[in-house]
Amino acid sequence: MNLFDYIRPTSVSDAIAAWQPGAAYLGGGTNLVDLMKTGALRPGTVIDITRLPGVDRIETLPNGSTRIGTLVRNSDLAHDPDFAMAFPMVAEALASGASGQLRNAATLGGNLLQRTRCAYFQDPHSACNRRFPGAGCDARNGDSDNHAILGWSDACTATNPSDLCVPLMALDAVVETQGPQGKRDIALADFHHLPGAAPHQETALEPGELILAIRLPANATASRHNSRYLKVRERTSFAFALVSAAAALQLENGRISAACLALGGVAAKPWRVPAAEKLMLGQIPGADLFRRAAEVALEGAVPSGDNGFKIDLARRTAARALALAAAGTPAQMPALPASVFGESAHV
Amino acid sequence: MSETLRFGSSSGQPTTRRDGIAKVTGAATFAADNHPDGLLYAVYVPATIARGTVTHLDVTAAKAHPGVVEVLTPDNCPPLPGGPDTKPFRFSFSFEALQDNTVRYANQPIALVLGETFEAATEGAKLLNPQYNALQPRLGLDGTTPFPTNGDGFGKPGTTVHGDPDAGHAAALQAVDVTYETPAQYHNAMETHAIVADWDGDHVTLDLPNQAIVMSCAAYAHHLGIPAENVTIRSPYLGGGFGSKVIINGPQMLAIMAARMTGRPVKLMLRRDQMFGPTGHRGATRQRLRIGIGADHRMTVLDHDSRATTSSFETFVESAANASQGLYASGALRSTHQGVRIDSGTPGPMRAPGEATGSAALECAMDEMAFEAGIDPLEFRLKNYAEREPGTDKPYSSKALRQCYAQGAERFGWAGRPLAPRQMKDADGLLVGWGMGTALFAAPMFAAQARAVLRPDGTGLVETAASDMGQGAWTALAQIAADSLGLPLDRIEFRSGSSDLPDAGVAGGSAHTASAGGALHAAGTDAIRHLADIATKDPASPLFGTGNAGVIARAGRLHASDDDSRSESFADIIARAGGAEVEGKGNVSRSPEAAEAHAMYSHGAVFAEVKVDPDLFQMRVTRLVGAFAAGRIINPRLAESQLMGGMIWGTSFALHEEAKFDARSGRIMNADFAGYHIPVNADVQGLEVITVHEDDPYVNALGIKGVGEIGITGTVGAIGNAIWHATGTRVRRFPIRIQDLLAGS
Ligand SMILES: Cc1cc2nc3c(=O)[nH]c(=O)nc-3n(C[C@H](O)[C@H](O)[C@H](O)COP(=O)(O)OP(=O)(O)OC[C@H]3O[C@@H](n4cnc5c(N)ncnc54)[C@H](O)[C@@H]3O)c2cc1C
Ligand code: SF4
């Protein structure tokens, strides 16, 4: 490993002040350290933020929104009974990610900012526009199972691998940040960028900007009785999604009064599909409706390689997630991730 | 010698692993846990191209990094006296030891960096920044023109024909002609390859996980140009081997050479991603199977052709088509093999080499044939049950396969399985499918030696250079040794895992318990014979005059076999004889005559249930039942664990494992456990093993066959067949993926 400076500030302002080009914030380290080991990332300074005060709590704000500090560990959030009750599909998504050991270490902010699992990004010997602007993209004509079918560009076809971000996207989460320029809120919808011509500009964060927390609006709990996260993968556990879907419905008098649908594993950002949501409004839930919504959700999908099957699979996954949501959130808490293998599926 | 010994007090017991506590508490010292004074850390630099030459290495930059001590490159690497391409033993393959600057596969060592710390060596390795003259790599089963292999050595399977296959094809009323593919798979023992090499003059001590300890000493010595007795290998614990640790590899040899060059001990432990290259793997295969049957559903021909990848510079071709020999009674049998040279590392034996790939294709093809014929797959196999080895017509030394079929089917509930696919659903609407496969693995035996000593205090000492890769050899072998000495397990000292002990042969081929155990049994029996000699000739002994044939060893005493009350303890006998230890020696191997007389195999039957989501096509193996007949079971707990482990590996083969090569660079792009999938606990649900009783008077003195590898065979096919039965989609490539079922839907 290269030599790097390691510092562990105890205040947010110190952390931000310590940042300089080439520095990296360190949360649980489950992503950053792996990439440092392969040599894909070589930060000159590692700023350990795990001792920062005030950002390790789950709290309800006066306006009813829920605020989760960046240092809350993935497993702590998934297993917090009140949180899981209020946002079951977020808990499901968290519990379906990685493994128990990793979830114990992984932080909320780290999960939001985890890098793509594109093998060519992780391998420093491959050409990658995201890692090195203008270098080219070895993923084109390479192994593409975990690559995008929506929103990709010739410069980059990578996907965002986070499970957590998919339901957060469906629930209109907001990212609270603080940087050299001060504090601000960024809608999660605007947080991750599609690659376009500049895939290395991955997020809306400015240099040195730190995630402090995520907020879920008060009305995000309204769909708690009808929301599911469904993750499809070859292996039952400890695998990233081929595709996934977060679906949340509100039902009134047997009709859908509000619908949220987001897809994972399909694009460089969690993929929200307002058109599909709109199509379901006022309708009676049913397989046919969900199939049509899923059709709309995948409109414009194009394989970025040998991964055309993902378009069909994503459609099926979206329709199934909607059906599961309509059938109701399971009573069992903390939620187990939704699985086609039923409640017996353990992770 | 059965008269002098009551066998079986320890053997047959489900004794827990004797080294289990040391392993789970971290007290067990694996190779890389050794830290001799003055230790240097070595990191090897892997090639990032698969074919070409290294044109430049920035040695200056690497050496300038603090803590970097030396950099070995082809420019300064000492020559290897025995050369990297000579074949001192049966399992020798060419390896890379920086003897020139050619690159023949990705991850090949192209330099070795030595540092005072692991971190310094790692950074030094990065700073070398290799430049290449790269050529387009040749990859995959169509990478180059295939060549036939001709049966002249390990990894060079030939053509075997029995009867007239062409006539068999002509006579067939129904037939299948199907082609299956299996991918490259990499051994990934939990403990990666590691070595600590420490020279003292021209003697070298190697802490090294190794599956063929004594044999490897001679091989290392040959390459290093020193006498075999100048190499000591200590290999008390291995964190898995799977065949990979039988083979001498380049990185380990480089560590030894570096230690010699610098005059300091050197440690090298491979990173996980470095396991995908220089340390062997299972080559990809493409297998064409043609089966013909007559009106009675009896096979007229079983014609199995396999093509497998090997490296550009060495030949190890999966003997996949040989899986069709020895199992089903067919009018004609033909197995043919071809190799394809590609720019990968050399494959090697990987748990159930040949059989795993061959059985996967064979058992699926048998299922296809049964469906074509409209009969139950189990019934089809019974119709073609071989009472004698097909082709050779040799009798089997034992074969309880019929009982395996019956007991496995009974436990699984096979009866009533619909013949047609896509007929069964569970309460949640998931598609349910049942499939089965026959398991087969040869029961070889290697030459092995052991020593047993009865000490004056009445305890025993036994020694053999066996390898415990985690399978429990330390335990099962000690059980055999205890019985052979007529002592309880806690009164023998068991020494193993070091090359200064008698040669226990290879821990491979599922033959270690039979071979090393056979040697221990012979040694213990020999010691008891000497002791009985002393007692029965000593007028002061209560056993005086009973004669050798009439004495039994039990619980530390000799008893007259016709009068149990006449007995004397080992300690008393030895004391009166002057207190000298009594030594026995064992030296076993299978005679050519014995090998000729019988066909020797372990057998089994595996039944699988899978559930598949009808829309999303996620698959899960919900039940696996395997019934195996493998001769005498020394330790049922360990044997069942081995069989279960094999069946889980079969699940891995069927649904998960695949190395993905980038076609342009030749690098494996999923060379870590996040990307190279093996089953997790949630993938393994109902898993049941039945061991079917089998007495085998011919296979070896103790009647032991192997259990280490057979569990994979049968299982892969059973799962593939169950997925077809659930979905109606026949996938002819492994691993079976969601996208394959989607495409078939
Ligand atoms: C084998 C494996 C399997 C996995 N499987 C899954 C899976 O199935 N689903 C899934 O969703 N994830 C999976 N993960 C990823 C895992 O969720 C992430 O590694 C984890 O969430 C990252 O959190 P961390 O705190 O460890 O982040 P770190 O590694 O510490 O940081 C990640 C990135 O975020 C930055 N960062 C961290 N916190 C902040 C902050 N507050 N402000 C600004 N920048 C910050 C870091 O600089 C770094 O760039 C897997 C990981 C592994 C290794
Ligand atoms: S797809 Fe994106 S992340 Fe992957 S190699 Fe191409 S540019 Fe890099």
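Residues numbered from 1 in each chain as written. Chains lettered and ligands numbered in written order. Predicted model: local features only at pLDDT ≥ 70, side-chain atom pairs only at ≥ 80, totals over all residues. Heavy atoms only, no water.

- You'll find chain B entered in an unreviewed UniProt entry as Dehydrogenase, with Puniceibacterium antarcticum given as the organism.

- Per an unreviewed UniProt entry, chain A goes by FAD-binding PCMH-type domain-containing protein and derives from Puniceibacterium antarcticum.

So, the overall build of chain B
So, point 1. Within chain B, the secondary structure is distributed over 16 helices and 28 strands.
So, point 2. Against the globule reference of 27 Å for 745 residues, chain B gives a C-alpha radius of gyration of 27 Å, in line with a compact fold.
So, point 3. Overall, the C-alpha framework of chain B stretches about 85 × 75 × 50 Å when taken along its three principal axes.
So, point 4. Evaluated residue by residue, chain B yields a buried proportion of 63% over its 745 residues.
So, point 5. Look at the contacts in chain B between residues 6 or more apart in sequence, and 80% of them connect residues 24 or more apart.
So, point 6. Total accessible area computed for chain B in this model is approximately 24700 Å², and 50% of it derives from carbon and sulfur atoms.
So, point 7. For chain B, the centre of its 63 positive side-chain charges and the centre of its 80 negative side-chain charges are spaced 3 Å apart. (Helix = DSSP H or I, 4+ residues; strand = E, 2+ residues; numbered from the N terminus. Rg over C-alpha atoms; globule rule 2.2 N^0.38 Å. Buried < 20%, exposed > 50% of the residue type's maximum accessible area, 1.4 Å probe, protein only. Contact = heavy atoms within 4.5 Å. Areas by Shrake-Rupley, 256 points an atom, 1.4 Å probe, with all protein chains shown as cover. Lys, Arg positive; Asp, Glu negative; His and termini not counted. Charge placed at Lys NZ, Arg CZ, Asp CG, Glu CD.)

A look at the packing of aromatic side chains
Residues and elements named next belong to chain B.
So, point 1. Counted under the stated rule, the structure contains 21 aromatic pairs over all chains.
So, point 2. Summarising the aromatic geometry, the rings of F89 and F91 are spaced 5.9 Å apart at their centres and angled 90 degrees between planes, so their arrangement reads as edge-to-face. With respect to class, F89 is no different from F91; both count as buried.
So, point 3. With centroids separated by 6.4 Å and ring planes inclined at 65 degrees, the aromatic side chains of Y385 and Y405 adopt a geometry described as edge-to-face. Here the residue Y385 occupies a position in the loop between α8 (377-383) and α9 (401-412), and Y405 occupies one in helix α9, the gap between them amounting to 20 residues. Here Y385 and Y405 have matching classes, each one buried.
So, point 4. Members of the aromatic cluster, connected to one another through ring pairs, are F89, F91, F93, F154 and F316.
So, point 5. It is R104 that lies over the ring of F313; its NZ or CZ is 3.9 Å from the centre.
So, point 6. One cation-aromatic arrangement involves R402 over Y385; the distance from NZ or CZ to the ring centre is 4.0 Å. (Phe/Tyr/Trp six-rings, centres within 6.5 Å; stacked < 30°, edge-to-face > 60°. Lys NZ or Arg CZ within 6 Å of the ring centre and 35° of its normal.)

Some remarks on the nonpolar core
So, point 1. Core analysis: the biggest nonpolar cluster contains 125 residues, and V266(A), L298(A), I719(B) and F734(B) have the highest contact counts within it.
So, point 2. Broken down by element, the residue count for this core peaks at ten residues, all from helix α7 (residues 355-373) of chain B.
So, point 3. The contacts of L298(A), once residues within four sequence positions are left out, are I149(A), L150(A), L263(A), I311(A), A314(A) and R315(A).
So, point 4. Ranked by size, the runner-up nonpolar core spans 57 residues in total, among them L72(B), L112(B), A184(B) and I195(B). (Core = buried A, V, L, I, M, F, W, Y, C linked by side-chain atoms within 4.5 Å.)

Observations regarding the interface of chain B and chain A
So, point 1. Across the contact, 37 residues belong to chain B and 41 residues belong to chain A.
So, point 2. The junction of chain B with chain A conceals about 3300 Å² of combined surface from both sides, 51% of it contributed by carbon and sulfur atoms.
So, point 3. Counting the contacts that link chain B with chain A gives six salt bridges.
So, point 4. With a shortest N-O distance of 3.8 Å, D145(A) and K660(B) are connected by a salt bridge.
So, point 5. Linking chain B to chain A there are 15 residue pairs in polar contact (both at pLDDT 80 or more).
So, point 6. When residues of the side of chain B that touches chain A are assigned to their parent elements, the largest contribution, four residues, is made by helix α3 (residues 118-127) of chain B.
So, point 7. Considering only residue class, the side of chain B that touches chain A consists of 14 nonpolar, ten polar and 13 charged. (Buried area = accessible area lost by both parts, 1.4 Å probe. Salt bridge = Lys/Arg side-chain N within 4 Å of Asp/Glu carboxyl O. Polar contact = N/O pair within 3.5 Å; in protein donor to acceptor, adjacent residues only side chain to side chain. Nonpolar A, V, L, I, M, F, W, Y, C, P; charged D, E, K, R; others polar.)

Re the domain arrangement of chain A
So, point 1. With domains assigned, chain A is organised as domain 1 (1-51) and domain 2 (223-340).
So, point 2. When each unit is reduced to the centre of its C-alpha atoms, the spacing between domain 1 of chain A and domain 2 of chain A is 36 Å. (Domains from an automatic or database assignment.)

Some remarks on the pairing of strand β25 (residues 582-588) of chain B
Residue and element names in this part refer to chain B.
So, point 1. Alternating positions in β25 separate cleanly, V582, G584, G586 and V588 being buried on one face and E583, K585 and N587 remaining unburied on the opposite face.
So, point 2. Relative to β25, strand β19 (residues 448-454) is paired through seven bridges, and the arrangement is antiparallel. Paired with A452 across the bridge in β25 is G584. (Pairing = 2+ DSSP bridges.)

A closer look at helix α5 (residues 213-224) of chain B
Counting along an α-helix, one turn takes 3.6 residues, and residues three or four places apart therefore face a common direction.
All names here are of chain B.
So, point 1. Given a rise of 1.5 Å per residue, twelve residues ought to cover 16 Å, and the 16 Å separating the end C-alpha atoms of α5 matches this to within 8%.
So, point 2. Among all positions in α5, only I213, S216, C217, A219, Y220, A221, H223 and L224 are buried.
So, point 3. Tucked into the core, α5 has its buried residues touching β10 (194-200), β11 (203-207), β12 (231-234) and α6 (250-262).
So, point 4. Downstream of α5 by a residue or two, G225 has a phi angle that is positive, lying close to 70 degrees. (Expected span 1.5 Å × (residues − 1).)

So, the site of ligand 1
So, point 1. Neighbouring ligand 1 are 33 residues; Y25(A), G28(A), T30(A), T107(A) and D163(A) lie closest to it.
So, point 2. With respect to ligand 1, the chains having nearby residues are chains A and B.
So, point 3. Backbone polar atom of G27(A) to an oxygen atom of ligand 1: 2.7 Å apart, as the coordinates give it.
So, point 4. Starting from 970 Å² of accessible surface for ligand 1 in isolation, the protein chains cover 94%.
So, point 5. Listed by contribution, the elements that provide at least two residues to the shell around ligand 1 are β2 (23-26), α2 (32-38), α7 (108-112) and β8 (210-216) of chain A. (Near = heavy atom within 4 Å.)

With respect to helix α13 (residues 309-327) of chain A
So, point 1. Taking 1.5 Å as the rise per residue, α13(A) with 19 residues should run 27 Å; its terminal C-alpha atoms sit 27 Å apart, in good agreement.
So, point 2. Along α13(A), the residues classified as buried are F309(A), K310(A), I311(A), L313(A), A314(A), T317(A), A318(A), A319(A), R320(A), A321(A), L322(A) and A325(A).
So, point 3. Check the buried side of α13(A) and you find it contacts β9 (227-232), β10 (243-252), β11 (255-264), α11 (274-280) and α12 (287-297) of chain A together with α16 (738-744) of chain B.
So, point 4. Phi turns positive one or two residues past the end of α13(A), at G328(A), with a value near 110 degrees.

Points about the UniProt feature "domain: Aldehyde oxidase/xanthine dehydrogenase a/b hammerhead" (unreviewed entry) in chain B
So, point 1. Following the UniProt record, one finds the feature "domain: Aldehyde oxidase/xanthine dehydrogenase a/b hammerhead" (unreviewed entry) at residues 25-136 of chain B.
So, point 2. Each end of residues 25-136 of chain B is marked by a C-alpha atom, and these two atoms are 49 Å apart; helix forms 15% of the span and strand 27%. (UniProt positions renumbered as here; feature names shortened; annotations may be inferred.)

What about the pattern of salt bridges?
So, point 1. Summed over the entire model, instances satisfying the criterion amount to 65 salt bridges over all chains.
So, point 2. Between D172(A) and R272(A) there is a salt bridge, and its shortest N-O distance comes to 2.9 Å. Of the two residues, D172(A) is situated in the loop between α9 (165-170) and β6 (174-179) and R272(A) in strand β12 (residues 271-272); the sequence distance between them amounts to 100 residues.
So, point 3. Among the residues examined, D172(A) registers a relative accessible area of 46% and is labelled partly exposed.
So, point 4. The network of salt bridges with common partners includes R451(B), R455(B), E463(B), E493(B), R495(B), E583(B) and K585(B).

Notes on the packing of α12(A) against α13(A)
Residues and elements named next belong to chain A.
So, point 1. Axis separation between α12 and α13 bottoms out at 8 Å; the angle between their running directions is 135 degrees. Judged on the interaxial angle alone, α13 and α12 are oblique. Helix-helix and strand crossings are classified by hand; for α12 and α13 the assignment is right-handed. Touching F290, R291, A293, A294 and E295 of α12 are R315, A318, A319, L322, A323 and A326, all from α13.
So, point 2. The class makeup of the residues in the contact of α12 with α13 is eight nonpolar, no polar and three charged. (Axes fitted to C-alpha atoms, helices over the stretch in contact; angles between N-to-C directions. Parallel < 35°, antiparallel > 145°, perpendicular 65-115°, else oblique. Left-handed = near helix turned anticlockwise from the far one by under 90°.)

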